[in-house]
Amino acid sequence: MDIFNYVNHTRNEQGLQLLEFSAELNDVCAVRAKELAKNYSHTRPDGSFFISAITNKGRHLSENIFVTTNSDGRTDLADYFSAWDAWFKGTESRANMLNTAIREMGINSYFDPVAQKRYWVQIFRG
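Note that the structure is a prediction, hence the values are computed from the model and not measured.

Reading the values: the criteria
Residues numbered from 1 in each chain as written. Predicted model: local features only at pLDDT ≥ 70, side-chain atom pairs only at ≥ 80, totals over all residues. Heavy atoms only, no water. Helix = DSSP H or I, 4+ residues; strand = E, 2+ residues; numbered from the N terminus. Rg over C-alpha atoms; globule rule 2.2 N^0.38 Å. Contact = heavy atoms within 4.5 Å. Areas by Shrake-Rupley, 256 points an atom, 1.4 Å probe, with all protein chains shown as cover. Salt bridge = Lys/Arg side-chain N within 4 Å of Asp/Glu carboxyl O. Buried < 20%, exposed > 50% of the residue type's maximum accessible area, 1.4 Å probe, protein only. Pairing = 2+ DSSP bridges. Axes fitted to C-alpha atoms, helices over the stretch in contact; angles between N-to-C directions. Phe/Tyr/Trp six-rings, centres within 6.5 Å; stacked < 30°, edge-to-face > 60°.

Colleague: Looking at this structure, how should I read the overall build of the chain?
Modeller: A count of helices and strands for the chain gives four helices and four strands. Helices (α) and strands (β) of the chain occur, in sequence order from the N terminus, as α-β-α-β-α-α-β-β. Taken over C-alpha atoms, the radius of gyration comes to 14 Å for the chain, in line with the 14 Å a tight globule of 126 residues would show. The long-range share in the chain, meaning contacts at least 24 apart out of those at least 6 apart in sequence, stands at 66%. With an accessible surface of roughly 6,600 Å², the chain has 50% of that area assigned to carbon and sulfur atoms.

Structure (structure tokens):
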């Protein structure tokens, strides 16, 4: 079960509408994850805010970011659980995942072999 399914499971427990997976947002998350290796922030390396990476902006947008350390570069359950745990326990991140105005989600990660870190991004759109 991946983080997308965890988000929907949690939303279902709260009686909220399940999210749709967005291939577009997933692709944007891949771009943003690589950018986080250069600038770990909701601000992109060019100084613009994360939403500038999204073509179809919708009415509501939010982004969750996290970094894990993993020396072999594999994405395993420990990485998933570290990211999920941080987002679920973080007030703002949890609010993003449970926002009733959100209808879609993308998630992706990037492993930086030099820093030995995996950068995670969730983007939500409503």
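Colleague: Before we go on, may I ask you to explain the pattern of salt bridges in this structure?
Modeller: Pairing is possible between side chains that carry opposite charge, provided their charged atoms lie close to one another. In the structure shown here, the tally under the stated rule is six salt bridges. In this structure, the salt-bridge partner of Arg125 is Glu24, at a minimum N-O distance of 3.0 Å. Of this pair, Arg125 sits in strand β4 (residues 117–125) while Glu24 sits in helix α2 (residues 23–36), and the two are 101 residues apart along the sequence. By relative accessible area, Arg125 is classed as buried at 3%. The partner of Arg32 in a salt bridge is Glu35, and the shortest N-O contact between them spans 2.8 Å. Pair noted here: Arg32 and Glu35 are both in helix α2, with a separation of three residues, about one helical turn. Take Arg32: its relative accessible area is 0%, and that puts it in the buried class.

Colleague: How do you make sense of the sheet that holds strand β1 (residues 20–21) when you look at a structure like this?
Modeller: Strand pairing in a sheet relies on backbone hydrogen bonds, with the paired strands running either antiparallel or parallel. Here we have four strands laid out as an open sheet, ordered β1-β3-β4-β2, and mixed in their pairing. On the outer flanks of this sheet lie β1 and β2 (61–69), each paired with one strand and no other. Where β1 meets strand β3 (residues 104–112), two bridges bridge the pair, whose relative direction is parallel. Bridge pairing in β3 places Glu20 opposite Glu104. In the packing of helix α1 (residues 3–13) onto the sheet, contacts are made with β1, β3 and β4, and the angle to β3 comes to roughly 145°. Lying on the sheet, helix α4 (residues 91–98) is in contact with β2 and β4; it crosses β2 at an angle near 130°.

Colleague: Quick question: what am I supposed to make of α1 here?
Modeller: Along an α-helix, residues three or four apart share an orientation, since each turn contains 3.6 residues. All buried positions along α1 are accounted for by Ile3, Phe4, Tyr6, Val7, Asn8, Thr10 and Arg11. Backbone geometry just after α1 places Gly15 at a positive phi near 75°.

Colleague: Is there a simple way to explain the packing of aromatic side chains in this structure?
Modeller: Across all of its chains, the model carries five aromatic pairs by this definition. Centre to centre, the rings of Trp84 and Phe88 are 5.2 Å apart; their planes meet at 25°, and the pair counts as stacked. Of this pair, Trp84 and Phe88 both sit in helix α3 (residues 77–89), separated by four residues, roughly a single helical turn. Every member of this aromatic cluster is reached through a ring pair, and the members are Tyr6, Trp84 and Phe88.

Colleague: Help me understand the environment of Ile54, please; the structure alone is not making it clear to me.
Modeller: Structurally, Ile54 is set in the loop between α2 and β2. On the basis of relative accessible area, Ile54 is assigned to the buried category, the value being 2%. Along the backbone, Ile54 and Arg125 are 71 residues apart, and their C-alpha atoms lie at a distance of 9.9 Å.

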